[in-house]
Amino acid sequence: MKGSEAREVAFFGRITASFTHEVKNILAIIKESSGLMEDLLALTREQPFPHWERFSHRVSVIQQQVQRGVGLATRLNRFAHSTDEAIARVDLNELADQLIWLSERFARLKEMTLKLTPAEYAVPLDTSPIDLQMAVFTLMEGCWNQLPAQSEVELRVARSEGLPCLVIACRGEGVAFADLKRGLEASGALQLSADIAAGLHGKIVDQPEACGFALVFSGTLQ
Amino acid sequence: MHEWKVLLVDDEEEFVTTLAERLRLRGIPVRTSTDGEEALRMIETDPPQVVVLDVLMPGLGGLEVLKRIKADFRKVKVILLTGQGSTWDGIQGMRMGVFDYLMKPLNINELIEKIREAMNAYGED
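Our subject in this report is the structure included herewith. (Residues numbered from 1 in each chain as written. Chains lettered and ligands numbered in written order. Predicted model: local features only at pLDDT ≥ 70, side-chain atom pairs only at ≥ 80, totals over all residues. Heavy atoms only, no water.)

Once that is clear, we can look at the overall build of chain B. The secondary structure content of chain B amounts to five helices and five strands. Each helix and strand of chain B, ordered N terminal to C terminal, gives the series β-α-β-α-β-α-β-α-β-α. Across the 125 residues in chain B, those meeting the buried criterion constitute 54%. Within chain B, contacts between residues at least 6 apart in sequence are counted, and of these 60% link residues at least 24 apart. (Helix = DSSP H or I, 4+ residues; strand = E, 2+ residues; numbered from the N terminus. Buried < 20%, exposed > 50% of the residue type's maximum accessible area, 1.4 Å probe, protein only. Contact = heavy atoms within 4.5 Å.)

Structure below.
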């Protein structure tokens, strides 16, 4: 990334991180307010109150939606903070978890299911967190754009011959690796992801048996 | 067991007053402050056993308030509230001697449990 681009990304990240922090403050107030409503409702349980059940249900809906908002705001806050340092140590398990959260809406609009399979061990990598997320997201998005509705895209964290790697595996009715790869090449997603990965000492390796691709990183950034 | 004295410090007034009301409903006496300087004055006048302290506040921030509490009121237990997506503030606070830290938004039962643990630790000092 050029110096001016890195500054712009860092600025964007800083502003977004600050706003997501504020959003969490708002959600905290809504959560405590609905919690207080729940407490007060509990105190009136034995008294005649014709709409008790409906109020109680609505309070629980508010709380569920607050939880959902907190999950999204937390991930967006972490994503924004990934621009804090040009190069940082990341654990691919945490990064993959965050990417799955951030991709959920995109995938849902395409009627895709996303699946995360973390490694049972930490997979650290010194890299550019923002570029790495861009490389993986580009490849995942390229895949779900080629797949029929109701397919599944799995993001798997692993090591390949000792090297940190992220495998994207696709499953769906009538999905064939050759068609998937052709589609990704035609859309330019495969090349774009490969170009970003190359800047991170990474490369894309075909995984026909998984009907997908692996991003393998042979070195760390200094 | 000591009489519970808990101080909640957060610049978000709606948050701190609502949380205080919920704690009082559960029988926990709580005082509140929305300002770091004011909180320190309150601690000096009538020291609580436990301070629940937000990290990010305008003026005197939570970590600075924590530093002064640790310097002048060593027995007071501090539970730090962090709203960040990462746990960096919490880890920083642990290095500075906080009793524990919690992420906002809170789970009220988890907060009460932490306050209880801090009260017990206060009694043991």
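Moving on to the pairing of strand 3 (residues 124–127) of chain A. Residue and element names in this part refer to chain A. The two faces of strand 3 differ: Leu125 and Thr127 on one face are buried, but Pro124 and Asp126 on the other face are not. When strand 1 (residues 88–91) meets strand 3, the two strands line up antiparallel, connected through four bridges. Each bridged residue has a counterpart across the sheet, and for aspartate 91 the counterpart in strand 3 is proline 124. (Pairing = 2+ DSSP bridges.)

Going through the model one piece at a time under the given rule, you end up with three aromatic pairs over all chains. Judged by centre distance (5.2 Å) and plane angle (70°), the rings of phenylalanine 106 of chain A and phenylalanine 137 of chain A are edge-to-face. Of this pair, phenylalanine 106 of chain A sits in helix 3 (residues 92–109) while phenylalanine 137 of chain A sits in helix 4 (residues 129–146), and the two are 31 residues apart along the sequence. Looking at phenylalanine 106 of chain A, the relative accessible area reads 42%, which means it is partly exposed. Judged by relative accessible area, which is 19%, phenylalanine 137 of chain A ranks as buried. For the ring pair phenylalanine 137 of chain A and tryptophan 144 of chain A, a centre distance of 5.8 Å and an interplane angle of 85° mean the geometry is edge-to-face. In terms of burial, phenylalanine 137 of chain A and tryptophan 144 of chain A fall into one category: buried. Taken together, the ring pairs connect Phe106, Phe137 and Trp144 of chain A into an aromatic cluster. Over the aromatic face of tyrosine 122 of chain B sits the side chain of lysine 75 of chain B, whose NZ or CZ is 4.8 Å from the ring centroid. Lysine 104 of chain B extends its terminal NZ or CZ atom over the ring of phenylalanine 15 of chain B, reaching a point 4.6 Å from the ring centre. (Phe/Tyr/Trp six-rings, centres within 6.5 Å; stacked < 30°, edge-to-face > 60°. Lys NZ or Arg CZ within 6 Å of the ring centre and 35° of its normal.)

Here we come to the sheet that holds strand 2 (residues 113–117) of chain A. Residue and element names in this part refer to chain A. Sheet architecture is open: five strands sit in the order 2-4-5-7-6, paired in mixed fashion. Looking at strand neighbours, the two that pair on one side only are strand 2 and strand 6 (202–207), the edges of this open sheet. In this sheet, adjacent strand axes meet at a mean angle of 20° when their direction is disregarded. Two strands pair when backbone bridges link them, and strand 6 and strand 7 (residues 212–217) are joined in this way by six bridges, in the antiparallel orientation. In the sheet register, isoleucine 204 faces strand 7, and the bridge partner there is leucine 215. (Axes fitted to C-alpha atoms, helices over the stretch in contact; angles between N-to-C directions.)

Counting residues in each nonpolar core, the largest one holds 39 residues, and the members touching the most others are Leu132, Val136, Leu155 and Phe213 of chain A. When residues of this core are traced back to their parent elements, those giving at least two are helix 3, helix 4, strand 4 (152–160), strand 5 (163–171), helix 5 (177–187), helix 6 (189–198) and strand 7 of chain A. Of the residues forming this core, the biggest block, seven residues, is contributed by helix 4 of chain A. Ignoring sequence-local partners within four residues, the contact set of valine 136 of chain A consists of Leu99, Leu155, Leu166, Ile168 and Leu215 of chain A. With 24 residues, the next largest nonpolar core counts Ala28 of chain A together with Val16, Ile115 and Ala118 of chain B among its residues. (Core = buried A, V, L, I, M, F, W, Y, C linked by side-chain atoms within 4.5 Å.)

Turning our attention to helix 2 (residues 36–45) of chain B. Residues and elements named next belong to chain B. Every buried residue belonging to helix 2 is among Gly36, Ala39, Leu40, Met42 and Ile43, and all of these are buried. Each buried residue of helix 2 sits inside an arc of 160° when the element is viewed along its axis, so together they form one side. Opposite the buried face of helix 2, by more than 90 degrees, sit the exposed residues Arg41, Glu44 and Thr45. Elements that come into contact with the buried residues of helix 2 comprise strand 1 (6–9), strand 2 (30–33), strand 3 (50–54) and helix 3 (62–72). The N-cap of helix 2, judged by a side-chain oxygen 3.1 Å from the amide nitrogen of glutamate 37 a few residues on, is aspartate 35. (Arc of directions from axis to C-beta. Polar contact = N/O pair within 3.5 Å; in protein donor to acceptor, adjacent residues only side chain to side chain.)

Here the focus is the interface of chain A and chain B. Quoted interface sizes are often the accessible area lost when the parts come together. If you look at the interface, chain A gives 20 residues, while chain B gives 19 residues. Interface area, chain A with chain B, both sides summed: about 1,700 Å², of which 57% is carbon and sulfur. The interface formed by chain A and chain B holds three salt bridges in total. The shortest N-O distance in the salt bridge between arginine 26 of chain B and aspartate 39 of chain A comes to 2.8 Å. Seen at the junction of chain A and chain B, the total is six residue pairs in polar contact (both at pLDDT 80 or more). Contributing elements (two or more residues each) for the side of chain A that touches chain B: helix 1 (3–43) and helix 2 (52–81) of chain A. Looking at the side of chain A that touches chain B, the element that brings in the most residues is helix 1 of chain A, giving 15 residues. In terms of residue class, the side of chain A that touches chain B is built from seven nonpolar, seven polar and six charged. (Buried area = accessible area lost by both parts, 1.4 Å probe. Salt bridge = Lys/Arg side-chain N within 4 Å of Asp/Glu carboxyl O. Nonpolar A, V, L, I, M, F, W, Y, C, P; charged D, E, K, R; others polar.)

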